[in-house]
Amino acid sequence: SFNNKKCLGFFKAKTEIGFTMKKYACIFNFALLLFLFQQAFATVQTSDYLIYEGDTLKMRSFPLESYLEAHPNPIYETLFESVNTACWRGYVAYWTIYNDSLFLSDIWGESLDDRSVDKSLIFTDVNEKQEVFASWVSDDLLTVFGERLFLNTAFDLYSYERVFSVRSGKVIAINDYDNTKTSTPMVNMEPLVRNYIQYNINYSNLANVPEQETVLT
């Protein structure tokens, strides 16, 4: 009947509007997520530093983070409060390799006016100035040196990269890469790129990302 057709047409139009609203809601949420994700990468992060055979290398890995995550302590919020978007982790750590062993030599707290952090507040079995054997580190640590070839807001590329393969604090391999002779720099390869992204995301910027919205019709 006419009325039935009219009702069917009304519900069909309403359903189409509902699907359209859902589509635009998904697009909006995706665009918002991309925007927030971009903001998390808005600034190239300040490096940690590794001293090896008299050279001081910029690090693109942050091995202290895994220890802090495994040993949570409320004092970290005071010691490592971030006051600069270029250093969301709130500190700069200095590392040294002695006899194929990795040591944490010093930590400078950003919120402490770049003063040295008392390591005994983090590691209960050491004193303030004692270097700490990094037994918790089992990772490939990326360092860079030489001329900076590329820079944008989220990423920079140097002419040389050196990767230290560390297992339980012991250096088992060292590999050098020359980015002046290749179109595929080591930093763009797995798993280092995954670690680089993970340690450079400021998750506090993503805390309020809304869940996918459902539009009821």
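Throughout, residues of each chain are indexed from 1 in the direction in which the sequence is written. Local features are withheld for residues below a pLDDT of 70 in this predicted model, meaning they are given only at 70 or higher, and side-chain atom pairs are given and counted only at 80 or more; totals for whole chains, interfaces and linings count all residues. Only heavy atoms go into the side-chain values, all of them from the structure, while hydrogens and water stay out.

### Looking at the overall build of the chain
Reasoning step 1: Numbering of helices and strands runs from the N terminus; a helix is a DSSP stretch of H or I covering at least four residues, while a strand is a stretch of E covering at least two. What the chain contains, in helices and strands, is four helices and nine strands.
Reasoning step 2: In this scheme, a residue with accessible area under 20% of its type's maximum is buried, one over 50% is exposed, and one in between is partly exposed, where area comes from a 1.4 Å probe on protein chains only. A burial count over the chain gives 39% of its 217 residues as buried.
Reasoning step 3: Should any heavy atoms of two residues lie within 4.5 Å, those residues are considered in contact. The long-range share in the chain, meaning contacts at least 24 apart out of those at least 6 apart in sequence, stands at 57%.
Reasoning step 4: In these tables, accessible area is a Shrake-Rupley quantity obtained with a 1.4 Å probe, and a residue counts as shielded only by the protein chains included in the view. Of the roughly 13,000 Å² that the chain leaves accessible, carbon and sulfur atoms contribute 55%.

### Here we look at the pairing of strand 3 (residues 91-98)
Along any regular strand, the residues point their side chains to alternate faces of the sheet.
Reasoning step 1: Counting buried residues in strand 3 gives six out of eight residues, a clear majority hidden from the surface.
Reasoning step 2: Sheet analysis places strand 3 next to strand 4 (residues 101-109), joined by eight bridges and oriented antiparallel. From the neighbouring strand, Tyr91 faces strand 4, where its bridge partner is Gly109. The pairing criterion is simple: DSSP has to find at least two bridges between the two strands.

### Focus: the side chain of Asn179
Reasoning step 1: Take Asn179: it is sitting in the loop between strand 9 (170-178) and helix 4 (192-200).
Reasoning step 2: In terms of polar contacts, Asn179 uses its side chain to reach the backbone carbonyl oxygen of Tyr158, at 2.7 Å.
Reasoning step 3: A distance of 2.8 Å separates a polar atom in the side chain of Asn179 from a polar atom in the side chain of Glu161. Whenever a nitrogen or oxygen atom comes within 3.5 Å of another N or O atom, the pair is scored as a polar contact, on the condition that within protein one atom can donate a hydrogen and the other can accept it, and that pairs from neighbouring residues in sequence are kept only if both atoms are in side chains.

### Digging into the packing of aromatic side chains
Reasoning step 1: Pairing of aromatic side chains here covers Phe, Tyr and the six-membered ring of Trp, requires ring centres within 6.5 Å, and sorts the geometry by plane angle: under 30 degrees stacked, over 60 edge-to-face, intermediate tilted. In this structure the tally under the stated criterion is 11 aromatic pairs.
Reasoning step 2: Taken together, a centroid distance of 4.5 Å and an interplanar angle of 40° make the contact between Tyr67 and Phe123 tilted. Of the two residues, Tyr67 is situated in helix 2 (residues 64-70) and Phe123 in the loop between strand 5 (115-116) and strand 6 (132-133); the sequence distance between them amounts to 56 residues. Accessibility assignment for this pair places Tyr67 and Phe123 in one class, buried.

### Some thoughts on the confidence of the model for the chain
Any segment with low pLDDT has predicted coordinates that should not be analysed in fine detail.
Reasoning step 1: Residues at a pLDDT of 70 or more form 60% of the chain, whose mean pLDDT is 76.
Reasoning step 2: The predictor's confidence in any single residue is recorded as pLDDT, a number from 0 to 100. Element-level pLDDT for the chain is lowest in helix 1 (residues 2-40), with a mean of 48, against a maximum mean of 97 in strand 1 (residues 49-52).
Reasoning step 3: Confidence drops under pLDDT 50 across residues 30-41; counting only partners more than four residues distant or on other chains, this segment forms 17 contacts.
Reasoning step 4: Considering only residues more than four positions removed or in separate chains, one finds that residues 211-217, a stretch of pLDDT under 50, has nine contacts.

### Comments concerning unusual backbone geometry
Peptide bonds are trans in most cases, and residues, glycine excluded, mostly fall at negative phi.
Reasoning step 1: The backbone of Glu53 shows a phi angle near 50°, a positive value even though the residue is not glycine.
Reasoning step 2: The topology assignment puts Glu53 in the loop between strand 1 and strand 2 (55-59).
Reasoning step 3: With a phi close to 50°, Ser168 is a non-glycine residue in the positive phi region.
Reasoning step 4: Relative to the elements of secondary structure, Ser168 occurs in the loop between strand 8 (156-167) and strand 9.

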